[in-house]
Amino acid sequence: MTTRRPLSPLAVIALIGAFVLSACGISPTDSGDGGTSQEPGASDGGGEPVGGGEPEDVLNFANWPLYIDQDDDGNPVTILDFEEATGIDVTYTESIEDNTSFFGTIQPALAGGEDTGYDIIVVTDWMIGNLARLGYLEKLDVERDIPNFVANADPVYLERSYDPDNQYSVPYQSGITGIAYNPELVDEEITSMAQLLDPELIEKYCGQIGMFIEMRDSMSFAMLYNGVIPAEATMEDVEAAQQTLLEQAPCVRGYYGNEYADDLANGSIAITMAWSGDVFQLQFDNPDLQFVVPDEGAILWTDNMAIPKGAEHPNAALAMMDYLYDPENAAQVAEWVNYITPVPGAKEIILQHADEAADEGDTETEEYLRAVAESPLVFPTQDMLDRLYSYKVLDEEEERQWNELFQEVVQG
């Protein structure tokens, strides 16, 4: 399971078109200029933070498929526990297949100042930046309404370029876009992006290299290789990144979406861009597979919980956000999802659960839980975190320019 999904060319066109429509007469609520003149992630200055009252008795929660812990019958256990603890009736839907198509479903309501039907949505960092810029998200007061976030969140999530000061969102789960390789198919330890991108160094792996069809991932990788922080990239940097990818392209087996994991597992590719959660799961079948944050750095992406503008049950949404930042609850989700939890205190609780499984003689569960707790792909080391960067949040013109350059790479 992965929540990292590529954008098709049609989806890219739809996204750009939606942002253009938002800028041209379909004005977001509480945004005097249509939300188009602000920096990504900036406050729209429109109104006070939502919340501050008693939770409503209903909550509508939209998430990605297979992105919360489930029992053997497919029931979302943490949601059921929340309902029992609070008395709030939750409608939980796995209605987000990718950021762009989901944006398309809620944008008309948001542009019209209407309730989208969702009180919590989970979208990726760059989409949070765009939604905030357009004035489509409710402001949050995390100190007042989400105290567990303030108390338990990893400090790395307290300052994020796409949402400064957590005005509009709090992280749900994160992952790393790094490099994975099969030691049986390479004759060296992979530590650098040069071993994935330098045409001279990769000649021996020509035809066995995987890259991502997701533009932000591949372009950001090339920027890091060129010594550029993606969030600070200029158009000159973007053009240089395209040139790097063009020079690498003759040796690329394919530009992959989720299916790269199958080719890594079956040996069709030797070295590839990869998402950390996928590799963690693949290692249960092939422990020799390796995932690395290269010397030049990698991308830390984050899927975030946010409240759409005009949501009907904001206090219930805030109660859920706070609940998920309790370390016990965060551990329960992390044990099943296997991505990076924003609550580092969950690690100790997962180890406690492993001890309990050992006391009950359940060796299989014990070994699994210890693997989760001890994996740097679920709880990254500080050295890894120090080398992680964020995507740049793009406006509609940048989105068009970046995609045009990247399509030239993919199409050859």
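Scroll up to find the structure.
**Q** Got a sec to walk through a negative patch on the surface? Specific residues and values, please.
**A** A cluster of like negative charges, contributed by E328, E356, D359, E360, D362, E364 and E367, occupies part of the molecular surface. Counting residues per element, the ones that place at least two in the negative patch are α14 (346-359) and α15 (363-374). In this fold, D362 is placed in the loop between α14 and α15. Accessibility expressed as a relative area gives 31% for D362, which makes it partly exposed.

**Q** Explain the pattern of salt bridges to me, and be specific about the residues and the numbers.
**A** A complete count under the given rule lists 13 salt bridges for this structure. With its nearest N and O atoms 3.9 Å apart, the salt bridge here joins K309 to E138. Here E138 lies in the loop between α4 (125-133) and α5 (142-145) and K309 lies in the loop between β9 (298-306) and α12 (314-324), a separation of 171 residues in the sequence. The burial state of K309 is the same as that of E138; both residues are buried. Among the salt bridges present, the one from R216 reaches E399, with a minimum N-O distance of 2.7 Å.

**Q** Can you break down the pairing of strand β2 (residues 89-93) residue by residue, with the values?
**A** Along β2, the buried face is formed by V90 and Y92; none of D89, T91 and T93, which line the opposite face, is buried. As paired strands, strand β1 (residues 58-62) and β2 are joined by five bridges and run parallel to one another. Bridging from a neighbouring strand, A62 pairs with T93 of β2. For the handedness criterion, the β-α-β arrangement of β1, helix α2 (residues 77-86) and β2 is classed as right-handed.

**Q** Can you tell me about the environment of A274, naming the residues and giving the values?
**A** Assignment of secondary structure puts A274 in strand β7 (residues 271-275). For A274, a relative accessible area of 0% puts it in the buried group. On a C-alpha basis, the gap between A274 and A261 in space is 7.8 Å, while along the polypeptide they are 13 residues apart. Ignoring sequence-local partners within four residues, the contact set of A274 consists of I176, T177, G178, I179, A180, F212, Y260, V279 and F291.

Reading guide: rules and limits
Residues numbered from 1 in each chain as written. Predicted model: local features only at pLDDT ≥ 70, side-chain atom pairs only at ≥ 80, totals over all residues. Heavy atoms only, no water. Patch = residues over 30% accessible without salt bridge, like charges linked within 9 Å, V, L, I, M, F, W, Y side chains within 5 Å. Areas by Shrake-Rupley, 256 points an atom, 1.4 Å probe, with all protein chains shown as cover. Salt bridge = Lys/Arg side-chain N within 4 Å of Asp/Glu carboxyl O. Lys, Arg positive; Asp, Glu negative; His and termini not counted. Charge placed at Lys NZ, Arg CZ, Asp CG, Glu CD. Helix = DSSP H or I, 4+ residues; strand = E, 2+ residues; numbered from the N terminus. Buried < 20%, exposed > 50% of the residue type's maximum accessible area, 1.4 Å probe, protein only. Pairing = 2+ DSSP bridges. Right-handed = clockwise from strand over helix to strand, strands pointing away. Contact = heavy atoms within 4.5 Å.

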